[in-house]
Amino acid sequence: MAISLIISGTVLIFIFMGFGILCLRYSLNKKQADQEWSAHVPEKLSNFGSIESLTILPLIDWYAVKETLIGECGVSWLIQADRNNILLDTGANMKKQDPSPLLRNMKTLNIDLKEVQHLFISHPHMDHVGGIASQKARTVKLSTDDTDLSRMTLYTSTPMTHPSAKVVLIDKPRVLMPGVASEGPISRSLFGMGMIREQALVVNVTGKGLVLIAGCGHQGVEKIFERAEAVFDEPIFGFVGGLHYPVTESRMKMMGLPVQKLLGTGKLPWQKITRDEVKESIAFLKSKNLGLISISAHDSCDWTLDRFRKEFKGIYKELKVGLPITI
Ligand SMILES: [Zn+2]
Ligand SMILES: [Zn+2]
């Protein structure tokens, strides 16, 4: 009896210590991220060119437009900027399948990987780099086997390796090709997940302006816009992507836990994302007079999506696998 009490007590002490260490790491990272943000003055990227036509075709996301396409809790969108084809992220491949849902959806949609020259990784979370094994190995996969990406340039905001792609580390705002840029990494402390440095893609469409494309949106919508306004001269036309607003439900569950509500929010696990915060972001986006809004369902709940649909009637576009968003 006494021995079992000692063992239980010791286990509890270790659990509390582990939790304490996670809380400490979270607050130290938060302080560092805040300091980085206030000290950093990004260089301007004036006249970075423009493109005539932009199509964003979701290849992986939570919802799909028809049953023959697979939806999952991950992101992979094909960005067609004139003749440049950019794959933004590579999905989650949650069931570790080969070929992965991404490759199968590409086949269904007649997308030839040979015609994709660029791979842009928003940030190295499992739902964006092809699964937990890729996240752990600090690499990226399109399927469980290593797909040959020797024709591709991989733009990443955190150090990453790949057996065949040419890897380019993005540590500040940078033009990737005429009319297409990265606004550079923005740091955010995530409880239990460490510091994340996420980058958003920026595309300048002639006669419209900048379209900002974010993966999970861990940076926070205000910072994504503030960085774009500081770096580029062109007006912002639209926002497409994830904002991580799982208010009523979490798409991803691990051991029954709603991980997206507990982690990845930029807050402590008991401080949930609230409806008011979503409403504040909507008010912020309304103040920008945009011409396009499209929110990814992979890290936001249906309540959030409905709210955006109603508030941005006329400019809101559905983001679903197989449904192109054309500008
Ligand atoms: Zn995500
Ligand atoms: Zn993420």
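Residues numbered from 1 in each chain as written. Chains lettered and ligands numbered in written order. Predicted model: local features only at pLDDT ≥ 70, side-chain atom pairs only at ≥ 80, totals over all residues.

Enquirer: Before we go on, may I ask you to explain the overall build of the chain in this structure?
Expert: Counting its secondary structure elements, the chain contains eight helices and 17 strands. Taken over the C-alpha atoms alone, the chain extends approximately 75 × 45 × 35 Å along its principal axes. Out of the 327 residues in the chain, the part that is buried amounts to 46%. Within the chain, contacts between residues separated by at least 24 positions form 65% of all contacts whose residues are at least 6 apart in sequence. (Helix = DSSP H or I, 4+ residues; strand = E, 2+ residues; numbered from the N terminus. Buried ≥ 20, exposed ≤ 12 C-beta atoms within 10 Å, placed from the backbone. Contact = placed C-beta atoms within 7 Å.)

Enquirer: Looking at this structure, how should I read the pairing of strand β3 (residues 84–88)?
Expert: On a regular strand, each side chain points to the face opposite its neighbour's, so the side chains alternate between the two faces of the sheet. Judged by how many residues are buried, β3 sits mostly within the fold: four of five residues are covered. Joining the antiparallel neighbours strand β2 (residues 76–81) and β3 is a turn of two residues, in which aspartate 82 adopts a positive phi near 50°. (Pairing = 2+ DSSP bridges.)

Enquirer: I'm lost on the pairing of β2 in this one. Help?
Expert: Burial within β2 is extensive, with five of its six residues counted as buried. Of the pairings in the sheet, the one linking β2 to β3 comprises five bridges and is antiparallel in character. Each bridged residue has a counterpart across the sheet, and for isoleucine 79 the counterpart in β3 is isoleucine 86.

Enquirer: What should I look at first to understand the sheet that holds strand β12 (residues 209–214) in this one?
Expert: Strands in a sheet are paired, the pairing made by backbone hydrogen bonds, and the direction either parallel or antiparallel. Strand order across the open sheet formed by six strands is β7-β8-β11-β12-β13-β16, with mixed pairing between neighbours. Here the strands that pair on one side only, and so sit at the sheet edges, are β7 (174–177) and β16 (292–295). Here the strands of the sheet are splayed against their neighbours by 25° on average, with no regard to which way each runs. Sheet analysis places strand β8 (residues 180–182) next to strand β11 (residues 201–205), joined by three bridges and oriented antiparallel. Note that in β11 the partner of valine 180 across the bridge is valine 203. Set on the sheet, helix α5 (residues 221–231) makes contact with β11, β12 and β13 (236–241); between it and β12 the angle comes to about 140°. (Axes fitted to C-alpha atoms, helices over the stretch in contact; angles between N-to-C directions.)

Read these as spatial facts, not as claims about activity.
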